[in-house]
Amino acid sequence: MPHTHALLATIILPRLVDAPTPLTFMRGYGSKTYPVTALTWGLLAISIIVVIIITGLVVVGVWRRRARSSDSIAQVPVNRGASGVGSVAIAVGISSLVLLGSVIWTVVVLADINAPAKKPALTIEVTGQQWWWKARYLSDDPSRVLTTANEIHIPTGEPIRIKLLSADVLHSFWVPALTGKTQTVPGLTNTTWLEADRPGVYAGQCTEYCGTEHSHMGFLVVAQKPAAFKAWLNAELKPAAPPPPSDATALQGEKDFVFHCGTCHTVRGTDAGGTVAPDLTHVMSRAMLAANTLRNTPANLAGWIADPQAQKPGTKMPTLYLSGPQLNAIVTYVRTLK
Ligand code: CUA
């Protein structure tokens, strides 16, 4: 029942996310969305007024005709007087003006949000892939390029350029509170931008059907005050701290992690250097696991590593059939990746 599954996920997913702004598009939280939400409410209001006027005219017309003729409907003469044609011409004129006004308003908004008022200082390259999001913070200084996944931190009050790539099929990047939808297309670089006015966690979602786990291809945009963002970026740029020498389980876990997980995942500072799956160097700094599917709790982490196929059927992460001690060691190690 893929449709039921997707529908349930759409309803339940925002509830799972601890975000103050789940997938909301009727209210904006940044300069790009204010004109769009004004347009949305404006067109909605115009549509409601049109429906009320037309319903009123139909009801009045029917009522007047019924009141005038008590005979059968076959005896009602068709009114071919010029006054009727005049009313139609006036109504068509008004409708055309309202429609033209709506089109002009829409085009003006589209032009307005095409580019931010000032040039973005930060560019984040976001790659959609089945079924998670890779985020690379670009910099002229190679030592300041950061790769992370599924939780995109941004500073508040400034526009951020988002370069969109796809590693496999079509996806679509959507953070309704901050920006509209933009596709990620294999072999093509699309560009969009977003801006958050105030700190907050804004839910994002893939909105182009891209396979089994499309509905579990979520992400979060975490907007922070510029100083807090800088601190976050500097912390994330650091390689993972090795486990404390006294923690034998975590030390064993690091070895097991490199052996079992390191072909797909990177933990900077270790021999785990895979690039086909999310970078886990600071995975414990993230609120969610598996592309905004599970809260990052110790139990969910253990369940996810033990049997990802049970948590997110079809995910590219294989179930490794780890022994109890191996699972315990790997979970203990991963929990040190703060
Ligand atoms: Cu990616 Cu839908």
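Chemist: How should I be thinking about the overall build of the protein chain in this particular structure?
Modeler: Per the secondary structure count, the protein chain includes eight helices and twelve strands. The buried share of the protein chain, taken over its 338 residues, is 40%. A separation of at least 24 residues holds for 63% of the contacts in the protein chain among residues at least 6 apart in sequence.

Chemist: Would you mind showing me how to read the nonpolar core here?
Modeler: A general tendency of soluble globular proteins is for nonpolar side chains to be buried together. Grouped together as the largest cluster of nonpolar side chains are 31 residues, with contacts concentrated most on Ile124, Tyr137, Ile152, Ile154, Phe173, Leu178 and Tyr202. Of all the secondary-structure elements, those providing two or more residues to this core are β1 (122-129), β2 (132-137), β4 (151-155), β5 (160-166), β6 (171-175), β10 (218-224) and α4 (226-237). The element best represented in this core is α4, accounting for four residues. With residues near it in sequence (within four places) discarded, Ile154 still touches Ile124, Ile160, Leu178, Leu194, Ala196, Val221, Val222, Ala223, Gln224 and Phe229.

Chemist: Honestly, the pairing of β5 in this entry has me stumped. Any pointers?
Modeler: Along a regular strand, successive side chains alternate from one face of the sheet to the other. With burial as the criterion, only one face of β5 is covered, namely that bearing Ile160, Ile162, Leu164 and Ser166; the residues Arg161, Lys163 and Leu165 on the opposite face remain uncovered. Where β1 and β5 come together, seven bridges link them in parallel fashion. Opposite Leu122, over in β5, you have Ile160 as the bridge partner. In terms of strand pairing, β5 meets strand β8 (residues 190-194) through five bridges, oriented antiparallel. From the neighbouring strand, Lys163 faces β8, where its bridge partner is Thr191.

So, how was this worked out
Residues numbered from 1 in each chain as written. Predicted model: local features only at pLDDT ≥ 70, side-chain atom pairs only at ≥ 80, totals over all residues. Heavy atoms only, no water. Helix = DSSP H or I, 4+ residues; strand = E, 2+ residues; numbered from the N terminus. Buried < 20%, exposed > 50% of the residue type's maximum accessible area, 1.4 Å probe, protein only. Contact = heavy atoms within 4.5 Å. Core = buried A, V, L, I, M, F, W, Y, C linked by side-chain atoms within 4.5 Å. Pairing = 2+ DSSP bridges.

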